[in-house]
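# Structural characterization, general
Here is how the chains run, residue by residue.
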Amino acid sequence: MPRKILIVDDDQKTRLLLKTYLEKNQYEVILAHNGESFLAELHAHAEQLSLVILDVMLPDTDGFALCRIVRQRSNLPIIMLTASSDETDRVVGLELGADDYIAKPYSPRELLARIKAILRRAGADPAPTVRAYHFNGFTLDLAERTVVDSEGVPLALTGLDFQLLKYFVEHPGTVLDRSLLCEETRGRDSGPLDRSLDVQISRLRLRLNDDGKQPMLIKTVRGAGYVFSATVAVTHA
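Below or above, wherever it landed, is the structure these notes cover. (Residues numbered from 1 in each chain as written. Predicted model: local features only at pLDDT ≥ 70, side-chain atom pairs only at ≥ 80, totals over all residues. Heavy atoms only, no water.)

## With respect to the pattern of salt bridges
Pairs may arise between side chains of opposite charge once their charged atoms sit close together. Within this structure, the stated rule accounts for 12 salt bridges. Between aspartate 55 and lysine 104 there is a salt bridge, and its shortest N-O distance comes to 3.2 Å. In this pair, aspartate 55 sits in strand 3 (residues 49-55) while lysine 104 sits in the loop between strand 5 (100-103) and helix 5 (108-122), placing the two residues 49 residues apart along the sequence. On the basis of relative accessible area, aspartate 55 is assigned to the buried category, the value being 2%. One continuous salt-bridge network, built from bridges that share partners, spans Asp9, Asp55 and Lys104. (Salt bridge = Lys/Arg side-chain N within 4 Å of Asp/Glu carboxyl O. Helix = DSSP H or I, 4+ residues; strand = E, 2+ residues; numbered from the N terminus. Buried < 20%, exposed > 50% of the residue type's maximum accessible area, 1.4 Å probe, protein only.)

Have a look at this one:
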C-alpha cells in the first residue's frame, strides 16, 4: 500500500508541485489549504496517514498550533516548512514535537529525502527491494546488472550507461538537470564545456532504439535537462 502523506500549505502552486512530485515517487498525497481543512482531513484519514507536512504560516492558524494538536493525538511523524530563517521558529517546532524542519526555498528532492529518512526511522517505510524495472519492452535487472530487450537479448551498456539508465527509470516523468545526472553517475558536477553527458545520452538512445532526432524515451527539455517519458513497471524481489 502507498504511504499516505497529508500536506497543508496555503500556496496552491506549492501544494500541487509537491503532490505531483511525491505521487511520482509512489506516495499517496492528501492536500489541505488551511488549518480547518487540515484538521478535517486529519480526522478523516488519521488511521491511514504515514506522515504530515505543516506549513508554519497559514491564513487561519499556524503550523505550530497544528503540530501541537497532532502531537496530542498521535506520534505521527511531522515535517514543518517555514519561510523564516529565524532559528527560533525551528526550535519552537522541534520542541512541540516536530520530527524535522525545512526552510524555504527548498527542493522537492530534498523534502523527499527527509520524508524517506523519517519514515525509515519510524519503521513505516521499509522500501521493498526492487528486482527489476520494465519499460517499452526492455527489462533492467538490478541483481544481474543487465538490460535486455523484449526477446531477451542483452544490450551492450557500459557501467556508466547502466547507472544513468537506472537513474532515469527510478525517476520517470521527472525533469532531471545535467548537474544532477553527472553527480549521480560520475560523482561530480559537469563544467559548462563538458559534453560527456551528451555523448552518453546519445549512446544510450542508440542502444534503446530511441530516435536521436525525435526521441520518445529520453527527451531533452531545453534549458532544464532531460526527462525519461516511458511508463515504468516494477518487479520486487
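## With respect to the nonpolar core
One finds Phe135, Leu165, Phe168, Leu181, Leu208, Ile218 and Phe228 to be the most contacted residues of the largest nonpolar core, which totals 25 residues. Tallying contributions element by element places helix 6 (residues 159-170) first for this core, with six residues. What phenylalanine 135 contacts, discounting residues up to four positions off in sequence, is Leu165, Val169, Leu208, Phe228, Ala230, Thr231 and Val232. Counting residues in hydrophobic clusters, the runner-up holds 21 residues, among them Leu6, Leu49, Phe64 and Met80. (Core = buried A, V, L, I, M, F, W, Y, C linked by side-chain atoms within 4.5 Å. Contact = heavy atoms within 4.5 Å.)

## Observations regarding helix 1 (residues 12-24)
An α-helical turn contains 3.6 residues, so a residue and the one three or four places further along point in the same direction. Its 13 residues place the ends of helix 1 18 Å apart at the C-alpha level, agreeing with the 18 Å of an ideal helix rising 1.5 Å per residue. Taken together, the buried positions of helix 1 are occupied by Arg15, Leu18, Tyr21 and Leu22. The buried residues of helix 1 occupy an angular sector of 145 degrees when the element is viewed end-on, so they sit on one face. Residues Gln12 and Lys13 are exposed on helix 1 and point more than 90 degrees away from its buried face. On its buried face, helix 1 sits against strand 1 (3-8), strand 2 (27-32) and helix 5. The opening residue of helix 1, the one whose side-chain oxygen lies 3.3 Å from the backbone nitrogen of lysine 13, is aspartate 11. (Expected span 1.5 Å × (residues − 1). Arc of directions from axis to C-beta. Polar contact = N/O pair within 3.5 Å; in protein donor to acceptor, adjacent residues only side chain to side chain.)

## Things to note about the sheet that holds strand 4 (residues 78-82)
Strand order in the open sheet made by the five strands is 2-1-3-4-5, with parallel pairing throughout. Looking at which strands have only one partner, the edges of the open sheet turn out to be strand 2 and strand 5. Neighbour-to-neighbour, the strand axes of the sheet open up by a mean angle of 20 degrees, direction not taken into account. Pairing geometry for strand 4 and strand 5, over four bridges, is parallel. When the sheet's bridge partners are listed, threonine 82 is paired in strand 5 with alanine 103. Sitting on the sheet, helix 1 touches strand 1 and strand 2, and the angle it makes with strand 2 is about 165 degrees. (Pairing = 2+ DSSP bridges. Axes fitted to C-alpha atoms, helices over the stretch in contact; angles between N-to-C directions.)

## Concerning the sheet that holds strand 8 (residues 146-148)
Strand order in the open sheet formed by four strands is 8-7-6-11, and the pairing between neighbours is antiparallel. Where the open sheet ends on each side, the last strands, each with one partner, are strand 8 and strand 11 (233-236). Recorded for the sheet is a direction-independent mean angle of 20 degrees between the axes of neighbouring strands. Summarising the sheet, strand 6 (residues 130-135) and strand 11 pair through four bridges and their orientation is antiparallel. In the sheet register, histidine 134 faces strand 11, and the bridge partner there is alanine 233.

## Quick look at the pairing of strand 3
A large share of strand 3 lies buried, amounting to seven of its seven residues. As paired elements, strand 1 and strand 3 share five bridges and run parallel to each other. Along strand 3, the bridge assignment pairs valine 8 with leucine 54. Strand direction decides the pairing type here: strand 3 and strand 4, joined by four bridges, are parallel. Within strand 4, the position partnered with isoleucine 53 by the bridge is isoleucine 79. Since strand 3 and strand 4 lie parallel, the crossover through helix 3 (residues 63-73) that links them has a hand, and here it is right-handed. (Right-handed = clockwise from strand over helix to strand, strands pointing away.)

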